[in-house]
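Below, each chain spelled out in residue letters.
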Amino acid sequence: MSAFRMYLRVVSESLQPEQISARLETEPDEATAIGSRRRPQSPPRAHTTWIRHAPAPDGPGRPEDVEPVILAWGPQFATALGQLASSGDAEISLVIVQKLTDPEDPQQKGIWLSAPLLAWLTKAGASLDIDQYVYVGNDD
């Protein structure tokens, strides 16, 4: 299993998933709607979350391996995201989740993003969210 996972996240307090899909002209891989509940006893969600996964085509799935997937989404998609972000109706972010289980494994170290990916994120009006989880040491 890869130490990294990446996805594009759109969060809105005013739009439902189908409205976001219509504005972006693409469907999410997963979504939750305003008013939906995680469990019946949970409070209703105050926002929509619209997610598109960026799976690694081959290899260990490091961020640089996933970049071509995101760039292949194209400049039109980035522009649509940017318009959505600049409208104030949603916040866009590229999320990188890293699970570090072996500090000696070079595949689990470092995050490098290319200039073309950073330019795509800028066009998309997206922030970068890096979540890191370290699972090393004894199990006590």
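Residues numbered from 1 in each chain as written. Predicted model: local features only at pLDDT ≥ 70, side-chain atom pairs only at ≥ 80, totals over all residues. Heavy atoms only, no water.

Asker: Whenever I open this one, helix α4 (residues 115-123) confuses me. Can you help?
Answerer: Every α-helical turn comprises 3.6 residues, leaving residues that sit three or four positions apart pointing alike. L117, W120 and L121 are the residues of α4 that are buried. Seen from one end, α4 has its buried residues packed into an arc of 100°, which puts them on one side. Residues of α4 that are exposed and point over 90 degrees away from its buried face: A115, P116 and T122. Contacts from the buried residues of α4 go to α2 (63-72), α3 (75-87), β4 (91-100) and β5 (126-134). Remark: G125 follows α4 within two positions and exhibits a positive phi of approximately 65°. (Buried < 20%, exposed > 50% of the residue type's maximum accessible area, 1.4 Å probe, protein only. Helix = DSSP H or I, 4+ residues; strand = E, 2+ residues; numbered from the N terminus. Arc of directions from axis to C-beta. Contact = heavy atoms within 4.5 Å.)

Asker: Looking at this model, I keep getting lost on the sheet that holds strand β1 (residues 4-12). Mind explaining?
Answerer: Across a sheet, strands are paired by hydrogen bonds formed along the backbone, either parallel or antiparallel in direction. Taken together, five strands build an open sheet; the order of strands is β2-β3-β1-β4-β5 and the sheet is mixed. On the outer flanks of this sheet lie β2 (30-32) and β5, each paired with one strand and no other. Between one strand and the next, the sheet's axes are offset by a mean angle of 20°, whatever the strand orientation. Looking at chain direction, β4 and β5 are connected through nine bridges and run parallel. Bridge pairing in β5 links I92 to A126. Along the sheet, helix α1 (residues 17-24) makes contact with β1, β2 and β3 (48-53), crossing β3 at roughly 50°. (Pairing = 2+ DSSP bridges. Axes fitted to C-alpha atoms, helices over the stretch in contact; angles between N-to-C directions.)

Asker: Explain the nonpolar core here, please?
Answerer: The nonpolar side chains of a soluble globular protein tend to be buried, and buried together. Membership of the largest hydrophobic core comes to 29 residues, with the highest contact counts inside it found for V10, L24, I70, L81 and W120. Broken down by secondary-structure element, the contributors of at least two residues to this core are β1, α1, α2, α3, β4 and α4. Not counting residues within four places of it along the chain, the set of residues in contact with L81 comprises L8, V10, L24, I92, W120 and A124. (Core = buried A, V, L, I, M, F, W, Y, C linked by side-chain atoms within 4.5 Å.)

Asker: Explain the packing of aromatic side chains here, please?
Answerer: The geometry of an aromatic ring pair comes down to the distance between the two centres and the angle between the two planes. Enumeration over the complete set of coordinates arrives at three aromatic pairs. Taking 6.2 Å as the distance between ring centres and 45° as the angle between the ring planes, the aromatic pair formed by F77 and W120 counts as tilted. Of this pair, F77 sits in helix α3 while W120 sits in helix α4, and the two are 43 residues apart along the sequence. Neither F77 nor W120 differs from the other in exposure class; each is buried. These aromatic residues form a ring-pair network of at least three members: W73, F77 and W120. Stacked on the ring of F77, the Lys or Arg R52 has its end atom at 5.1 Å from the ring centre. (Phe/Tyr/Trp six-rings, centres within 6.5 Å; stacked < 30°, edge-to-face > 60°. Lys NZ or Arg CZ within 6 Å of the ring centre and 35° of its normal.)

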